[in-house]
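Summary of the model geometry
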Amino acid sequence: MTLRVYNTLTRRKEEFQPIEPGKVRMYLCGPTVYKPAHIGHLVGPVIFDTIKRYLTYLGYDVTFVINITDVDDKLINRAREQGCSVQELARRMEQDYFENLRTIGVDTVDHFPRATEHIPEMIAAIQRLIEKGHAYEVDGDVYFDVTKDPDYGKLSHRRLDEMLAGARVEADERKRNPADFALWKRSKPGEPAWDSPWGPGRPGWHIECSVMSMKYLGETLDIHGGGLDLLFPHHENELAQSECCTGKPFVKYWLHNGLLRASGAGKVGGAHNRYGDLTEQQAEQEAVKLAGSKGAESVKKLFEKFSPEAIRLFILNTHYRSPIDFSEERIAEVARSLEGFYRLIETFEELTGEDFYALPAPTRRNQTTSLEGLPEEFRKELETLRDRFFECMDDDFNTGGAVGVLFELRRAINGFIASRTPGTGPLSAEDRTALRKAMTLLKELAGILGLFRKRPQRPAGADDQLVGQLIQILIDLRSEARKNRNFELADRIRDRLAELHIVLEDRPDGTRWRRE
RNA sequence: GGCGCCGUAGCCAAGUGGACUAAGGCAGCGGAUUGCAAAUCCGCCAUCGCGGGUUCGAAUCCCGCCGGCGCCUCCA
């Protein structure tokens, strides 16, 4: 079994072979931290976090970097409106971003380099490009000369002459060629500025990614990721300047994820919705408005409505290269489908007295959960499902297929339980062991997708304990009524509770309740 | 105008030449179970946008058409 990945550069699925055996160097373009994150900002991180989890599971030592763009026009404008410094705004939004990543379980990132902390390296790279004749200075601005790079356009598969014919690139008198892009921008008064050989200024957008990725990962990366929207011009430019600078291949595998979009309305929070001169709060309201009619809203608000796990599964349910239409109904549906897993986990814990989330699940493929000693049929079923899970993941990280397998695994385990607990009898020691192994496998595979790693936080009020005790009283009274065959009363209790979204389940071993 | 993507059941979605008489989820329906439910299990629910072609064989490849979308604007 080999891992195959789709490479934008070659437009083909290729066998994954890292440059240095056993090591993977991975870079993902991160956010410009100028406004609160919306769910679209989480798509890339969730996908590449999952990719890192799988690569790690396969035994690779993975270094994963996401950059933080903390200087740029949008930040400058926004900070001005808010009357704070660019740095203040950037740090605040960066915190918001980190919090969201934590919430949704993205915790495999090794470095979050900030652009502003790598200015000297950028200046050095720009100087090198000038020396090599790939860049030129005009009045304190430095541009990359695309005509000096015969490879320019190879990533996005565009030809320079065609691009120029497109006539949408507005000609700037100062550039030698309309497609040339800024490496260094002279700063206007009042803007953040750093000293450079070309006078005070700040870096262009693309150079930070070249410099920071190479600083933390070396001159050639194994994987470079980002949204499809970044393919051109950002990644094309990044690639051009990097290779012209080092003379070496910059990236072996370019991976691009599809974008989240408001149904038929273009990308969420994208070019169609200009937040340019809105305040933070207005921007958020604007986003909510979109959400009301199918757009995005700030992730924070979304987390109030849906569990992070549901949002994560919503993202991973679709193949990463496909676009996803955002819709709350869809997320709600996914959330509902998760309930079955939570019930299984609960059942498992009641049946065995174990803590599912504390089960020591293997984290490497070559140490996968042993299914020795399980009933033959059950064991075969689990093995087949496990193989299918790997097949999916090996095929360009087909998380959608892998999720499907997880659901089948759930059904297999439920079926096993159903076949072993016909009456009230407790599980035999053997069956308990079998169940434990099956659940360990579930945890192992789900963990690769970043699911079921922590007990979900149920919306809990301060008087939750009291509520539980009160419901228990009602359950006890109802049980007595049932024992006396007073079903009318028993049903009335159940119906009244249902009105309050409290669902009762009568099981052989007693009545269980849950909120819905 | 250039480059590219997509169209699979009521909805979402995997599969992209042969184990497909097409995963999985949500919703729905039937059965087992239950005092009745809930939960769970079993079963049912798609000739893969349309028309041609290639092939022993196509959801999967080619051509045409229809419909939807992205990029070519410092938007993840």
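To start, this report covers the structure provided alongside it. (Residues numbered from 1 in each chain as written. Chains lettered and ligands numbered in written order. Predicted model: local features only at pLDDT ≥ 70, side-chain atom pairs only at ≥ 80, totals over all residues. Heavy atoms only, no water.)

**So, helix H11 (residues 328-352)**
Operational definition: Only runs of H or I of at least four residues qualify as helices and only runs of E of at least two qualify as strands under DSSP, and these elements are numbered from the N terminus. In this analysis, the expected span of each helix is defined as 1.5 Å times one less than the number of residues it contains.
For H11, built from 25 residues, the straight-helix expectation of 36 Å at 1.5 Å per residue is met to within 8% by its first-to-last C-alpha distance of 36 Å. One or two residues past the end of H11 sits Gly-353, with phi positive at roughly 75°.

**Quick notes on the packing of aromatic side chains**
How we decide: Centres within 6.5 Å make a pair out of two Phe, Tyr or Trp rings, where for Trp the six-membered ring is used; the pair is then stacked when the planes are under 30 degrees apart, edge-to-face when over 60, and tilted otherwise. Burial here depends on accessible area, computed with a 1.4 Å probe over protein chains only, as a share of the maximum for the residue type. Under 20% is buried, over 50% is exposed, and the range in between is partly exposed.
One pass over the structure, following the stated rule, counts 18 aromatic pairs. Ring centres of Phe-144 and Phe-181 lie 4.9 Å apart, and the angle between their planes is 20°; on these two criteria the pair is classed as stacked. Highlighted residues: Phe-144 in strand S6 (residues 141-144) and Phe-181 in strand S7 (residues 181-186), separated in sequence by 37 residues. The two residues Phe-144 and Phe-181 agree in class, both being buried. For the ring pair Trp-184 and Trp-198, a centre distance of 5.8 Å and an interplane angle of 55° mean the geometry is tilted.

**Overview of the sheet that holds strand S8 (residues 201-203)**
Formally: Two strands pair under a simple rule: DSSP has to find at least two bridges between them. Axis geometry follows a simple rule: fit a line to the C-alpha atoms, using only the stretch in contact for helices, then measure angles between N-to-C directions, giving values from 0 to 180 degrees.
The sheet built from 4 strands is open, its strands ordered S5-S6-S7-S8 with antiparallel pairing. Because the sheet does not close on itself, it has two edges, and the strands there are strand S5 (135-138) and S8. Across the sheet, the mean angle separating the axes of adjacent strands is 20° when strand polarity is ignored. In this sheet, S6 lies alongside S5 in antiparallel orientation, the contact comprising 4 bridges. In the strand pairing of S6, Glu-137 is matched with Val-142.

**Concerning the sheet that holds strand S10 (residues 251-257)**
Pairing in this open sheet of 4 strands is parallel, and the strands run S4-S3-S9-S10 from one edge to the other. In the strand order of this sheet, the two ends are held by strand S4 (61-66) and S10, each with one partner. The sheet shows a mean angle of 20° between the axes of neighbouring strands, taken without regard to direction. Across 6 bridges, the pairing between strand S3 (residues 23-28) and S4 is parallel.

**Considering the pairing of strand S9 (residues 221-227)**
As a reminder of what qualifies: A right-handed crossover is one whose linking path, passing over the helix from the first strand to the second, runs clockwise when the strands point away from the viewer.
Where burial is concerned, most of S9 is hidden: 7 out of the 7 residues are buried. Pairing analysis gives 3 bridges linking S3 to S9, with the strands arranged parallel. Residue pairing for S9: Tyr-27 is matched across the bridge by His-224. For the crossover from S9 across helix H7 (residues 231-246) to S10, the handedness is right-handed.

**A look at the state of the cysteines**
Basically, it comes down to this: In this description, the term disulfide denotes a pair of cysteine sulfurs within 2.5 Å.
The full count for this structure, using the stated rule, is 0 disulfides. Of the cysteine sulfurs around Cys-245, a residue in no disulfide, the closest is that of Cys-244, at 8.6 Å.

**Digging into the nonpolar core**
Note the threshold: Here, nonpolar core refers to any group of buried Ala, Val, Leu, Ile, Met, Phe, Trp, Tyr and Cys residues whose side-chain atoms link them within 4.5 Å. Domain start and stop positions are those given by an automatic or database domain assignment. Two residues form a contact once any of their heavy atoms are found within 4.5 Å.
In this structure, Leu-55, Phe-389, Ile-413 and Met-439 are the most contacted members of the largest nonpolar core, which totals 98 residues. Inspection of this core shows a minimum of three residues originating in each of domain 1 (4-316) and domain 2 (354-448). Non-local contacts of Ile-413, meaning those with residues more than four positions away in its chain, are made with Leu-344, Phe-378, Leu-435, Ala-438, Met-439 and Leu-442.

**Description of the pattern of salt bridges**
Here is the rule we go by: Any Lys or Arg side-chain nitrogen located within 4 Å of an Asp or Glu carboxyl oxygen qualifies as a salt bridge.
Inspection of the entire model under this criterion finds 48 salt bridges. Its salt-bridge partner being Arg-436, residue Glu-354 comes within 2.9 Å of it at the nearest N-O pair. In this pair, Glu-354 sits in the loop between H11 and helix H12 (376-394) while Arg-436 sits in helix H14 (residues 429-448), placing the two residues 82 residues apart along the sequence. For Arg-436, a relative accessible area of 31% corresponds to the partly exposed category. Between Arg-455 and Asp-355 there is a salt bridge whose closest N-O contact spans 2.9 Å. Pair noted here: Arg-455 is in the loop between H14 and helix H15 (464-483) and Asp-355 is in the loop between H11 and H12, with a separation of 100 residues, a long-range link. Because the salt bridges share partners, they merge into one network encompassing Asp-49, Arg-53, Asp-107, Arg-312 and Arg-453.

**Thoughts on the environment of Arg-186**
For the record, the criterion: Distance and chemistry together define a polar contact, namely a pair of N or O atoms within 3.5 Å, with one atom able to donate a hydrogen and the other to accept it when in protein, and with adjacent residues in sequence counting only for side-chain atoms on both sides.
Looking at where Arg-186 falls in the secondary structure, it is placed in strand S7. A polar contact is formed between the side chain of Arg-186 and the backbone oxygen of Asp-139, at a distance of 3.2 Å.

**Examining a nonpolar patch on the surface**
Stated formally: Patch criteria: residues need more than 30% relative accessible area and no salt bridge. Like-charged residues are merged within 9 Å; nonpolar side chains of Val, Leu, Ile, Met, Phe, Trp and Tyr are merged within 5 Å. Note that accessible areas follow from Shrake-Rupley with a 1.4 Å probe, and for residues the cover is restricted to the protein chains shown.
Among the surface-exposed residues, Leu-466, Leu-470, Ile-473, Leu-474 and Leu-477 lie close enough to one another that they form a single nonpolar patch of about 440 Å² accessible area. In this structure, Leu-466 sits in helix H15. Residue classification places Leu-466 among the partly exposed positions, given a relative accessible area of 46%.

**Topic: helix H4 (residues 119-131)**
Selection criterion: An arc is given here, and it is the one of the directions from the helix axis to the C-beta atoms.
Its 13 residues give H4 an end-to-end C-alpha distance of 18 Å, which sits within 8% of 18 Å, the value for a rise of 1.5 Å per residue. Of the residues making up H4, those classed as buried are Ile-119, Met-122, Ile-123, Ala-125, Ile-126 and Leu-129. Angular distribution of buried residues about the axis of H4 spans 160°; they occupy a single face of the element. Residues Pro-120 and Glu-131 are exposed on H4 and point more than 90 degrees away from its buried face. Looking at the buried positions of H4, the neighbouring elements they touch are S5, S6, S7, S8, helix H6 (207-217) and H7. Backbone geometry just downstream of H4 places Gly-133 in the positive-phi region, at approximately 80°.

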